[in-house]
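One letter stands for each residue in the lines below.
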Amino acid sequence: MLCSTEPQYCKTPLDIAFDADGVTITTGPEQHYRTAYSVDAGGFRSLLADKFDLRDFGLHTHSRSSFTHMINVPDFHEVSTSQKAANLPFSVAEGTLHHVFEGGWLWVIPFNNHAAFTNPLCSVGLMLDPRMHPPQNDLSAEEEFFAFIERFPSVAAQFRNARSVREWVRTGRIQYSSKQIVGDRWALLGHAAGFIDPLYSKGLYITLTSVSILAHHLLQANHNGDYSRERFLPLEKTTLAYIHSNDRLVANSYTSWGTYQLWTAYSVLWLLGAYTELVKLFSIRIQSMEHGKINQQQLFDQLQQIKLAGGFADYDRVAHTIDTIIEAVDLTNAHQVATAVEQIQVFFTQLTGCHYLSRLC
Ligand SMILES: Cc1cc2nc3c(=O)[nH]c(=O)nc-3n(C[C@H](O)[C@H](O)[C@H](O)COP(=O)(O)OP(=O)(O)OC[C@H]3O[C@@H](n4cnc5c(N)ncnc54)[C@H](O)[C@@H]3O)c2cc1C
């Protein structure tokens, strides 16, 4: 589509019509373009999601967002626990800092945290479960942010002199998925397919994985002329697997922030998933770089199997057991919380045959 509409690039389509031989995109009166396939990367307002009524809001996670770019946000260690007292080998300002609390979290992502920085900005965003922290529409997004963080003195101290340099964005609940990701001669990509929460920074990663898989199938379709839904189903399976595994992990992270012990136990599952994912991605990459070890088709066959935690079946079993424990717990019942923490610790101990993982809890 990009090639045939290049002179009109960025012009919003008014209609997209499909027939057996191709796609017709209309951008205005007498402005029609023909293409073999249509990829909708239009984010939440995807034309195809709208046209085919694809949106699915039946997700576990509930969160809303307020975010901006700021200046004058100091390293957290300057206003609170020192790096030495926290026993960290590096400052928290060298990475992405997440403040987590009951019903939400707050990100601080400095772009000026290395010697050669040219960008003085810091990305700041507050995510809140609207069922626990409903929007305060009588306040501006900025006023709501500063009023909210007053309940955490060390967080408030970090933003004492901070100033936003662009308008705050405040959203409603931001979770959505799609009933279908591919159809005959069309696909939804990235944000057009769905979104959960930026907590584990899966957005760009999922988008780029989808682009790789889609490109692979498009090249084959261009060869054999088969642009059917069936041909592109692996993209749907991978995209939905990512969305749903991310959804359950994020929803139960929010739940576990209700008590420190529960989050300490649950965070081991997240770490386990993050590291097995890294192992899987590196192993695929190394195999693909070692000439002759796997061919391109085998590479994509592996890529299409992955979801969070690298798609390892053993991880799925572990995650299901622990997620089920978290989902059953009544956070207002201290005895139930303590029992859940113990169950998770025992499970990790039995899983590893040693006490390493349970000691992390
Ligand atoms: C608050 C927040 C924080 C995030 N933080 C992270 C993070 O830390 N790490 C991470 O990896 N990901 C993060 N993400 C996710 C990341 O932003 C998305 O994964 C990524 O932007 C998806 O890219 P996309 O191109 O699919 O969609 P988008 O970035 O949503 O782009 C869609 C584009 O399509 C355009 N468009 C829509 N309709 C039309 C039309 N009819 N005609 C022409 N253009 C149109 C829109 O204007 C927009 O520019 C975050 C997301 C949010 C909401």
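Structure's up top.
Residues numbered from 1 in each chain as written. Predicted model: local features only at pLDDT ≥ 70, side-chain atom pairs only at ≥ 80, totals over all residues.

## Re the environment of glycine 95
Move 1: Mapped onto the elements, glycine 95 comes out in the loop between α2 (76-79) and β7 (97-101).
Move 2: Accessibility expressed as a C-beta count within 10 Å gives 12 for glycine 95, which makes it exposed.
Move 3: Distance from glycine 95 to isoleucine 206, taken between C-alpha atoms, is 21 Å for residues 111 residues apart in sequence. (Helix = DSSP H or I, 4+ residues; strand = E, 2+ residues; numbered from the N terminus. Buried ≥ 20, exposed ≤ 12 C-beta atoms within 10 Å, placed from the backbone.)

## Quick notes on the sheet that holds strand β13 (residues 182-183)
Move 1: An order of β4-β14-β13 is seen for the three strands of this open sheet, with the pairing classed as mixed. Unpaired on one side and paired on the other, β4 (38-40) and β13 mark the two borders of the sheet. (Pairing = 2+ DSSP bridges.)

## Some remarks on the site of the ligand
Move 1: Lining the immediate surroundings of the ligand are 20 residues, of which Gly43, Gly190, His191, Gly203 and Leu204 lie closest.
Move 2: Of all elements in the fold, only β6 (64-71) and α5 (203-224) reach the threshold of two or more residues within the shell around the ligand.
Move 3: With four residues, α5 is the single largest residue contributor to the shell around the ligand.
Move 4: Both of domain 2 (64-173) and domain 3 (199-360) provide at least three residues apiece to the shell around the ligand. (Near = placed C-beta within 6 Å. Domains from an automatic or database assignment.)

## Examining the sheet that holds strand β2 (residues 22-28)
Across a sheet, paired strands are connected by hydrogen bonds in the backbone, their directions being either parallel or antiparallel.
Move 1: Read across the sheet, three strands follow the order β1-β2-β3 without closing on themselves; strand pairing throughout is antiparallel. For this open sheet the edge positions go to β1 (15-19) and β3 (31-35), each flanked by a neighbour on one side alone. Taking the axes of each pair of neighbouring strands and ignoring which way they run, one obtains an average angle of 20 degrees across the sheet.
Move 2: Note: β2 against β3, five bridges, orientation antiparallel. Of the residues in β3, the one forming a bridge with valine 23 is threonine 35. (Axes fitted to C-alpha atoms, helices over the stretch in contact; angles between N-to-C directions.)

## Topic: the nonpolar core
Move 1: Of all hydrophobic cores here, the largest spans 31 residues; its most connected members are Ile322, Ala340 and Ile344.
Move 2: Trp186, Leu189, Ala193 and Ile213 belong to the second-largest nonpolar core, a separate cluster that totals 17 residues. (Core = buried A, V, L, I, M, F, W, Y, C linked by C-beta atoms within 7 Å.)

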